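Listed below are the residues making up each chain.
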Amino acid sequence: MGGLQDIRNAVPPAPEARKATRIPGGEAQVGVGPAELISLVQDFVHWERRHLDEAVSAARQHIESPANWHRLVLYALTDALAYNFLLVGTLAAYLQE
């Protein structure tokens, strides 16, 4: 994890970047994004969670068949990862804009 922190320290912030502020409860908050962004994030999280639930379900159903277990669990995890990439990419693009 030190390598990622080194990159963060080396890359200067964007000129229009805002600092996160702490709100009661300890969570960081930067200005709330547009409704479309929030809706998109919720949609990506919904589908990512659905695929993670499918992975758990497939693991339970195919515990006796390792070949099917590996295949079906990895399909579901790969689908979940795709939504995770979409989520991170969308947020990064919005923040860079």
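Residues numbered from 1 in each chain as written. Predicted model: local features only at pLDDT ≥ 70, side-chain atom pairs only at ≥ 80, totals over all residues. Heavy atoms only, no water.

K.L.:
Which residues make up a nonpolar patch on the surface, and what values do they have?
P.N.:
A cluster of nonpolar side chains, contributed by Leu 52, Leu 74 and Leu 77, occupies part of the molecular surface with about 250 Å² of accessible area. Here Leu 74 is to be found in helix H3 (residues 66-96). (Patch = residues over 30% accessible without salt bridge, like charges linked within 9 Å, V, L, I, M, F, W, Y side chains within 5 Å. Areas by Shrake-Rupley, 256 points an atom, 1.4 Å probe, with all protein chains shown as cover. Salt bridge = Lys/Arg side-chain N within 4 Å of Asp/Glu carboxyl O. Helix = DSSP H or I, 4+ residues; strand = E, 2+ residues; numbered from the N terminus.)

K.L.:
So what's going on with the packing of helix H2 (residues 35-61) against H3? Which residues, and what values?
P.N.:
Geometry of a packed helix pair, given as the angle between the helix axes and the separation of the axes. Between H2 and H3, the least distance of the axes is 8 Å, while the angle of their chain directions is 165°. Judged by the inter-axis angle, H2 sits roughly antiparallel to H3. Judged by the twist between their axes, the crossing of H2 over H3 is left-handed. Here the contact of H2 with H3 is composed, by residue class, of 21 nonpolar, three polar and three charged. (Axes fitted to C-alpha atoms, helices over the stretch in contact; angles between N-to-C directions. Parallel < 35°, antiparallel > 145°, perpendicular 65-115°, else oblique. Left-handed = near helix turned anticlockwise from the far one by under 90°. Nonpolar A, V, L, I, M, F, W, Y, C, P; charged D, E, K, R; others polar.)

K.L.:
Residue-level account of H2, with values.
P.N.:
If you check H2, its first and last C-alpha atoms are 39 Å apart, about what 27 residues at 1.5 Å a residue would give, namely 39 Å. Residues of H2 that are buried include every one of Leu 37, Phe 44, Glu 48, His 51, Ala 55, Ala 58 and Ala 59, and no others. (Expected span 1.5 Å × (residues − 1). Buried < 20%, exposed > 50% of the residue type's maximum accessible area, 1.4 Å probe, protein only.)

K.L.:
Run through the packing of aromatic side chains, naming residues and quoting values.
P.N.:
Describing an aromatic ring pair means giving the distance of the ring centres and the angle of the ring planes. Summed over all chains, the structure comprises two aromatic pairs. Where Phe 44 meets Tyr 83, the ring centres are 6.2 Å apart and the plane angle is 50°; that geometry is what we call tilted. One end of the pair, Phe 44, is in helix H2; the other, Tyr 83, is in helix H3, with 39 residues separating them in the sequence. What makes Phe 44 buried here is its relative accessible area of 10%. (Phe/Tyr/Trp six-rings, centres within 6.5 Å; stacked < 30°, edge-to-face > 60°.)

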